[in-house]
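Breakdown of the fold
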Amino acid sequence: MSLKENQIEESLINKLTDLKYTWRRDIRDRETLEANFRKHFQALNRVNLTDSEFARLRDQIVTADVFSAAQTLRERNYFQREDGTPLHYTLVNIKDWCKNEFEVINQLRINTDCHHRYDVIMLINGIPVVQIELKTLFRTPRRAMEQIVAYKNDQSNGYTNTLMCFIQLFIVSNRTDTFYFANNRNRHFNFNADERFLPVYRLAGKDNKKINNLDDFTDRFLAKCTLGELIGRYMVLVTGEQKLMIMRPYQIYAVKAIVDCIHQNRGNGYIWHTTGSGKTLTSFKASILLK
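Below is a summary of the structure that appears in this document.

Quick notes on the rules
- One numbering rule holds for all chains: residues counted from 1, following each sequence as written.
- Owing to the predicted nature of the model, reporting of local features is limited to residues with pLDDT of at least 70; listing and counting of side-chain atom pairs is limited to 80 or more, with chain, interface and lining totals taken over all residues.
- Side-chain calculation: all heavy atoms of the structure are included, whereas hydrogens and water are not.
- Runs of H or I in DSSP of at least four residues are treated as helices and runs of E of at least two as strands, each being numbered from the N terminus.
- Using C-alpha atoms as the atom set, the radius of gyration is obtained and then compared with a globule rule of 2.2 Å times the number of residues to the power 0.38.
- Accessible area is worked out with a 1.4 Å probe on protein chains only. A residue is then buried under 20% of its type maximum, exposed over 50%, and partly exposed in between.
- By definition, residues are in contact when any of their heavy atoms lie within 4.5 Å.
- Areas reported as accessible are Shrake-Rupley estimates using a 1.4 Å probe. Residue values count occlusion only from the protein chains shown.
- Cysteine sulfur atoms that come within 2.5 Å of each other are treated as a disulfide pair.

**Quick notes on the overall build of the protein**
Counting secondary structure elements, the protein contains nine helices and twelve strands. Here the protein has a C-alpha radius of gyration of 19 Å; the compact-globule value for 291 residues is 19 Å, and the two agree. By its C-alpha atoms, the protein is 55 × 55 × 40 Å across when sized along the principal axes. Buried residues in the protein amount to 48% of all 291 residues. In the protein, the share of contacts with a sequence separation of at least 24, taken over all contacts with a separation of at least 6, comes to 64%. Surface accessibility of the protein: about 14,700 Å² in total, with carbon and sulfur atoms responsible for 47%.

The structure is reproduced here in structure tokens:
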């Protein structure tokens, strides 16, 4: 028997709560989303903002530029309070992503004047970082990709003028087939002439066996520390192209092996693979993490 979308959604949320996410049933609109972010921001940075200070902070960090939002998410930032004192803040714990607060919300509706509802969104310290769009078994995940592109191209979308600008990853699934891809500016975020949406990834294990089932994917990819590590350590911001990239699964396994090898002082080595497999990025990321 084929499961309906709402049944798949409910099953996913139950799985995430098993992984110790907090399901926030109360967050369904922009107002409650912002109130929750404010609570987390103040706790993380040990500050109490006035209403006008928070409004100014929100307007300062919300941007239509995906790349700029990705930088703000990963950096230590500056804000001047009403009394002139400086506040150096972060949106999340960037030193240890595992120590952030992880929550899940569903059926968020940002604007009351449009029909957009977002199936499942994962929050880190109140910041929306992952959006999951679900389809039934008889509808391909490509339909969800098309829906996300349509939402982002809509003038009334929430990706340019709300906290939704911080979305880093999209996941689409019909429960048996699951893909993920990075958020990006529109020129890096569309279908090409061959009607292919690139780059799209499937999760794979160390043996390169694909992990397509949504339950298995959730266990392996969406565990709190795993997701935090992926966003904090294994996404790359390409300054020249102003583009977000996710390292492929085998690149992440390779980087971890290199770092482990160095820490254990096991000597020198080399990276060997075919042209275009991502050796340069793998080497670069390993060097950055070791540094």
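**A closer look at the state of the cysteines**
Counting across every chain of the model gives one disulfide. Each sulfur in the disulfide pair C98 and C225 lies 2.2 Å from the other. A residue pair is termed long-range when its members are at least 10 positions apart, and C98 in the loop between β3 (86-89) and β4 (102-108) and C225 in helix α7 (residues 224-233) qualify at 127 residues. The exposure class of C225 is partly exposed, given its relative accessible area of 37%.

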